[in-house]
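The residues making up each chain are set out below.
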Amino acid sequence: MSRLIGLGLLLAGLLYPFAVYFGMEHFAPWQFGLLLGGLWLARALTGRRKPGSLWMAATAIGFCLVLAVFDSPRLLRWYPVLISGFMLALFGLSLKYGPPMAERLARLREPHLPPAAVRYTRRVTVAWSVFFFCNGLCAALLTLWAPLHWWMLYTGLISYGLIGLMFAIEWLIRQRVRGRT
C-alpha cells in the first residue's frame, strides 16, 4: 500500500504544474490542498520511517492545510519550491550528518566504495545541493513575478529536463573518473 501511495505522490508531483495550469478553471485551490494533503497524510501513516520523512510529510501537510484554508491560487505555485527545498535539505543535511546522499545511493550498488569514490560522491552531493537550491530559486522567482504559463513551463518541463541533464552529465563524469571512457 505504501508503494502505491508513494507512486501517487510521485505522479502528483510530476503532473502538479499541469494540473494547476489546466485545472484552475475547474477546481478550487482548497481542493488541490485537500487532495495533495491526503496523499501526504497517507504516506506519513503507511510509509516506512526514514530519517526526515516525518518532518517532510508534516511540512507538506501544513502547506496543504494553509492552501485549503486560504484557498489562494497564488499559493498553489509554491509547491514545487517546497519540493526543491525538501530535496535541498535532504542532500544538504546529508553532507553535515553523513553519509552524503550520493554515497548512500552508490553503496546500494557497491557496498565497499574506495576512498576516492567516497570523495567523489561527496562532490556529487554538493552539486545536487546547488542544483536544488537554484531550481527552487527559479521556481520561487517565477512564482512571484512570472505569468502562470511561464511557471508551468519551467516547473513542469524545463526543471525535469535539467534534472535529466544533471543525471547524464554526472554519469559521463563518473565514467571518466572510473577510467572507462
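Structural data are supplied above this passage.
So, here is what we can say about the structure in this document. (Residues numbered from 1 in each chain as written. Predicted model: local features only at pLDDT ≥ 70, side-chain atom pairs only at ≥ 80, totals over all residues. Heavy atoms only, no water.)

**Remarks on the nonpolar core**
So the rule is basically this: By nonpolar core we mean a set of buried residues, namely Ala, Val, Leu, Ile, Met, Phe, Trp, Tyr and Cys, connected to one another through side-chain atoms within 4.5 Å. Buried, partly exposed and exposed residues are distinguished by accessible area as a fraction of the type maximum, computed with a 1.4 Å probe on protein chains only: under 20%, between the cut-offs, and over 50%, respectively. Helix and strand definitions here come from DSSP, where helices need a minimum of 4 consecutive H or I residues and strands a minimum of 2 consecutive E residues; each element is numbered from the N-terminal end. We call two residues in contact when some of their heavy atoms are within 4.5 Å.
By size, the foremost hydrophobic cluster in this structure holds 23 residues, and its most contacted members are Tyr 16, Trp 40 and Tyr 79. Elements represented by at least two residues in this core include exactly α1 (2-23), α2 (29-46), α3 (53-70), α5 (79-97) and α8 (148-178). Per-element accounting of this core gives the leading share, 7 residues, to α3. When neighbours within four sequence positions are excluded, Tyr 16 is seen to be in contact with Leu 36, Leu 76, Tyr 79, Pro 80 and Trp 151. In terms of nonpolar packing, the next biggest core, distinct from the first, is built from 9 residues, Met 101, Tyr 120, Phe 132 and Met 166 among them.

**Description of the packing of α3 against α5**
Rule in force here: All axes here are fitted lines through C-alpha atoms, helices being fitted over the stretch that makes contact, and every angle between N-to-C directions spans 0 to 180 degrees. An angle counts as roughly parallel when it lies under 35 degrees, as roughly antiparallel when it exceeds 145, as roughly perpendicular when it falls between 65 and 115, and as oblique in every other case. The sense of a crossing depends on the near helix, which, turned anticlockwise from the far helix by less than a right angle, makes the crossing left-handed and, turned clockwise, makes it right-handed.
Following both chains from N to C, one finds α3 and α5 inclined at 165°, their axes separated by 11 Å at the closest point. The angle between the axes of α3 and α5 places the two elements in the roughly antiparallel class. Relative to α5, the crossing made by α3 is right-handed. Residues Trp 55, Met 56, Thr 59, Ala 60 and Phe 63 of α3 form the contact with α5, whose own contacting residues are Tyr 79, Leu 82, Phe 86 and Ala 89.

**Description of a positive patch on the surface**
Heads up, the condition is: Patches in this entry comprise residues that are over 30% relatively accessible and not in a salt bridge; like charges within 9 Å are linked, as are nonpolar side chains (Val, Leu, Ile, Met, Phe, Trp, Tyr) within 5 Å. For every accessible area listed, the method is Shrake-Rupley and the probe measures 1.4 Å; residues are considered covered only by the protein chains on display. We define a salt bridge as a side-chain nitrogen of Lys or Arg found within 4 Å of a carboxyl oxygen belonging to Asp or Glu. Positive: Lys, Arg. Negative: Asp, Glu. His and the chain ends are not part of the count. In this description, the location of a charge corresponds to atom NZ of lysine, CZ of arginine, CG of aspartate or CD of glutamate.
Taken together, the side chains of Arg 3, Arg 43, Arg 48 and Lys 50 make up a positively charged region of the molecular surface. With respect to the helices, strands and loops of the structure, Arg 48 is situated in the loop between α2 and α3. Here Arg 48 falls in the exposed class, since its relative accessible area comes to 64%.

**A closer look at the packing of aromatic side chains**
Here a ring pair, both rings aromatic, is described through the centre-centre distance and the interplanar angle of the planes. This is how the line gets drawn: What counts as a ring pair is set by centres within 6.5 Å for rings of Phe, Tyr and Trp (its six-membered ring), and what kind of pair is set by the plane angle: stacked under 30 degrees, edge-to-face over 60, tilted for all other angles.
Taken as a whole and judged by the stated rule, the model has 13 aromatic pairs. With a centroid separation of 6.3 Å and an interplanar angle of 40°, the aromatic rings of Phe 91 and Trp 128 are classed as tilted. Here the residue Phe 91 occupies a position in helix α5, and Trp 128 occupies one in helix α7 (residues 115-145), the gap between them amounting to 37 residues. The pair Phe 91 / Trp 128 is uniform in exposure class, with both members buried.

**Some remarks on the pattern of salt bridges**
Applying the stated criterion across every chain yields a total of 2 salt bridges. Arg 174 is the salt-bridge partner of Glu 170, the closest N and O atoms lying 2.6 Å from each other. Taken together, the positions of Glu 170 and Arg 174, both in helix α8 and 4 residues apart, correspond to about one turn of that helix. Using a relative accessible area of 28% as the deciding quantity, one classes Arg 174 as partly exposed.

**Comments concerning the packing of helix α6 (residues 101-109) against α7**
Selection criterion: Only Asp, Glu, Lys and Arg are considered charged in this grouping, and only Ala, Val, Leu, Ile, Met, Phe, Trp, Tyr, Cys and Pro are considered nonpolar; every other residue, Gly among them, is considered polar.
In contact at an axis separation of 7 Å, α6 and α7 are set at 130° when each is read in the N-to-C sense. Taken together, the axes of α6 and α7 are oblique relative to one another. Residue-level inspection shows Met 101, Ala 102, Glu 103, Ala 106 and Arg 107 of α6 in contact with α7, the latter providing Val 118, Thr 121, Val 124 and Thr 125. Of the residues belonging to the contact of α6 with α7, the class tally is 5 nonpolar, 2 polar and 2 charged.

**Observations concerning a nonpolar patch on the surface**
A cluster of nonpolar side chains, namely Leu 153, Leu 157, Ile 158, Leu 162, Leu 165, Ile 169, Ile 173 and Val 177, defines an oily patch on the protein surface of about 670 Å² accessible area. Along the polypeptide, Leu 165 turns up in helix α8. On the basis of relative accessibility, which here comes to 47%, the residue Leu 165 falls in the partly exposed class.

**Some words on unusual backbone geometry**
A cis amide bond links Gly 98 to the next residue, Pro 99, at an omega of -10°. With respect to the helices and strands, Pro 99 occurs in the loop between α5 and α6. Positive phi, close to 50°, is recorded for Asp 71, a residue that is not glycine. Position of Asp 71 relative to the elements: it lies in the loop between α3 and α4 (73-76).

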